[in-house]
Amino acid sequence: MTSESRYQVCERVYAVGGDDITGGGDCCIYLVDCNSELLLIDAGVGRNTGRMMDLIGSLGFNPVSISTLILTHAHIDHIGGAKEVRDRTGCVVIAHRMDLDPIENGGSVTGSDLYGVRYDPVKVDRVIEGRSETFRCGDLDLLCIHTPGHTPGSISILIEVEGEKVLFGQDIHGPFFPELGSDLSLWRSSMHRLLELEADILCEGHFGVYYGKEEVRRYIEGYLTYYS
Ligand SMILES: [Zn+2]
Ligand SMILES: [Zn+2]
């Protein structure tokens with residue numbers, strides 16, 4: 001078995017993909033142990049899905065138990081591996097309506113050309129329509145919050161484990177490409193919404209994990225200042 005400590009973020013949460021884990025331009029990919037089921041947050045570029053599945057296995061989980069895959073937004077470094085994950089596990093795919101078209105049909109806004117990969121589109125089973133929706137995975141509630149800005153349909157996810165609020169805020173740092181649908185003023189309100197959550201742990205999309213309410217707040221406020 002692989003040493004868990006390198007990959008474990010906190011109780012029930014593991015980092016199973018990312019630059020220093022699976023490489024290949026992958027975003028940080030997080031696995032949540034929901035007791036009888038597994039939740040995967042984002043799927044990476046898709047070059048190293050097999051490696052990620054092997055890592056999940058070496059952590060003592062059966063990758064086929066991934067029942068839910070949340071795609072936080074339609075960029076290739078987050079959605080490229082989604083089709084393969086769905087094919088291998090039969091999981092339910094969740095995403096927001098505003099990013100549905102590129103996830104299901106591809107196109108330049110996925111950024112696949114920048115990464116030099118061909119995007120294999122995936123069907124979304126549960127579409128988030130509004131400002132927030134809660135889904136159940138195993139014994140955990142997943143609060144999906146619409147946080148537009150980086151892309152129109154970006155979402156953040158909040159779970160509570162052992163009394164701690166864990167926030168998955170993929171790419172809340174940006175970058176912002178207006179031609180890809182980024183909107184800084186929407187992003188600012190989204191960040192204020194995330195600050196109100198007072199999360200204890202922030203799992204970011206490319207810059208790892210931040211521990212403690214103060215650190216999380218400082219991280220988000222730092223970007224608000226930077227882009228003010
Ligand atoms: Zn990203
Ligand atoms: Zn992105």
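Right, let's walk through the structure included here. (Residues numbered from 1 in each chain as written. Chains lettered and ligands numbered in written order. Predicted model: local features only at pLDDT ≥ 70, side-chain atom pairs only at ≥ 80, totals over all residues. Heavy atoms only, no water.)

### Details of the layout of surface pockets
Here the largest pocket defines a volume of roughly 220 Å³. Forming the boundary of the largest pocket are 19 residues, of which Ala15, Gly17, Asp20, Ile21 and Cys28 lie nearest the centre. Every element with two or more residues in the lining of the largest pocket is listed here: β1 (8–10) and β2 (13–17). Looking at the lining of the largest pocket, its residues break down into eight nonpolar, seven polar and four charged. The volume enclosed by the second largest pocket comes to roughly 170 Å³. His75, Asp77, Tyr115, Pro175 and Phe177 are, among the 14 residues lining the second largest pocket, the residues nearest its centre. Those elements that place two or more of their residues in the lining of the second largest pocket are α2 (76–79) and α5 (112–115). (1 Å grid on protein atoms, 1.4 Å probe; cavity = no way out; pocket = protein on both sides within 12 Å on 5 of 7 lines; lining within 4 Å. Points joined across faces, edges and corners; volume = space filled by probe spheres on them. Helix = DSSP H or I, 4+ residues; strand = E, 2+ residues; numbered from the N terminus. Nonpolar A, V, L, I, M, F, W, Y, C, P; charged D, E, K, R; others polar.)

### A look at helix α1 (residues 49–58)
Burial in α1 covers these residues: Thr49, Met52, Met53, Leu55 and Ile56. Within α1, the buried residues cover an arc of 160° as seen down the axis, which keeps them to one side. Packing partners of the buried residues in α1 comprise β2, β3 (29–33), β4 (38–41), β5 (66–70) and α3 (82–89). In the stretch just after α1, glycine 60 is the one whose phi turns positive, near 100°. (Buried < 20%, exposed > 50% of the residue type's maximum accessible area, 1.4 Å probe, protein only. Arc of directions from axis to C-beta. Contact = heavy atoms within 4.5 Å.)

### Some remarks on the pairing of β3
Burial within β3 is extensive, with five of its five residues counted as buried. Alternating positions in β3 separate into two faces, Ile29, Leu31 and Asp33 on one and Tyr30 and Val32 on the other, with burial throughout. Where β3 and β4 come together, four bridges link them in antiparallel fashion. Note that in β4 the partner of aspartate 33 across the bridge is leucine 38. Here β3 folds back onto β4, and the loop between the two strands holds four residues, one of which, asparagine 35, carries a positive phi near 80°. (Pairing = 2+ DSSP bridges.)

### A few points about empty space enclosed by the protein
Under the defined criterion, the tally for this structure stands at one cavity of 30 Å³ or more. Here the largest cavity defines a volume of roughly 40 Å³. Looking at the largest cavity, the residues that line it are Thr147, His150, Ser154, Ile155, Ser156, Gln170, Asp171, Ile172, Trp187 and Met191. Sorting the residues of the lining of the largest cavity by element identifies β10 (155–161) and α6 (184–197) as the ones contributing at least two each. Grouping the constituent residues of the lining of the largest cavity by class yields four nonpolar, five polar and one charged.

### Side note on the packing of aromatic side chains
Per the counting criterion, the structure on display carries eight aromatic pairs. Summarising the aromatic geometry, the rings of tyrosine 210 and tyrosine 219 are spaced 4.4 Å apart at their centres and angled 40° between planes, so their arrangement reads as tilted. Taking the relative accessible area as the measure of exposure, tyrosine 219 reaches 9% and is therefore buried. Taken together, a centroid distance of 5.1 Å and an interplanar angle of 55° make the contact between tyrosine 219 and tyrosine 223 tilted. Here tyrosine 223 and tyrosine 219 lie together in helix α7 (residues 213–226), a separation of four residues that amounts to about one turn. Feature note: the residues Phe176, Trp187, Tyr226 and Tyr227 constitute an aromatic cluster, connected by ring pairs. (Phe/Tyr/Trp six-rings, centres within 6.5 Å; stacked < 30°, edge-to-face > 60°.)

### Quick word on the coordination of the zinc ion (ligand 2)
All of the protein donors around the zinc ion (ligand 2) are His73 (NE2), His75 (ND1), His150 (NE2) and Asp171 (OD); their distances to the metal are 2.1 to 2.3 Å. Metal-centred angles of 90 to 172° between the four donor atoms at the zinc ion (ligand 2) mark the site as irregular. One chain supplies every donor for the zinc ion (ligand 2), spaced along it as H-x1-H-x74-H-x20-D. A separation of 3.4 Å is found between the zinc ion (ligand 2) and the zinc ion (ligand 1), both of which receive a donor from aspartate 171. Of the two residues, histidine 73 is situated in the loop between β5 and α2 and aspartate 171 in the loop between β11 (164–169) and α6; the sequence distance between them amounts to 98 residues. Each of the two residues, histidine 73 as well as aspartate 171, counts as buried. (Donors = N, O, S within 2.8 Å, 3.2 Å for Na, K, Ca; no water. Tetrahedral: all angles 85-135°; square planar, octahedral: opposite > 155°, others 65-115°.)

### As for the pairing of β11
Strand direction decides the pairing type here: β10 and β11, joined by five bridges, are antiparallel. Each bridged residue has a counterpart across the sheet, and for isoleucine 159 the counterpart in β11 is valine 166. Counted between consecutive antiparallel strands, the loop separating β10 from β11 contains two residues, among which glutamate 162 sits at a positive phi close to 50°. Bridge analysis of β11 against strand β12 (residues 201–204) gives four bridges, and the strand direction is parallel. What sits directly across from leucine 167, in β12, is leucine 202.

All we've got here are geometric facts, nothing functional implied.
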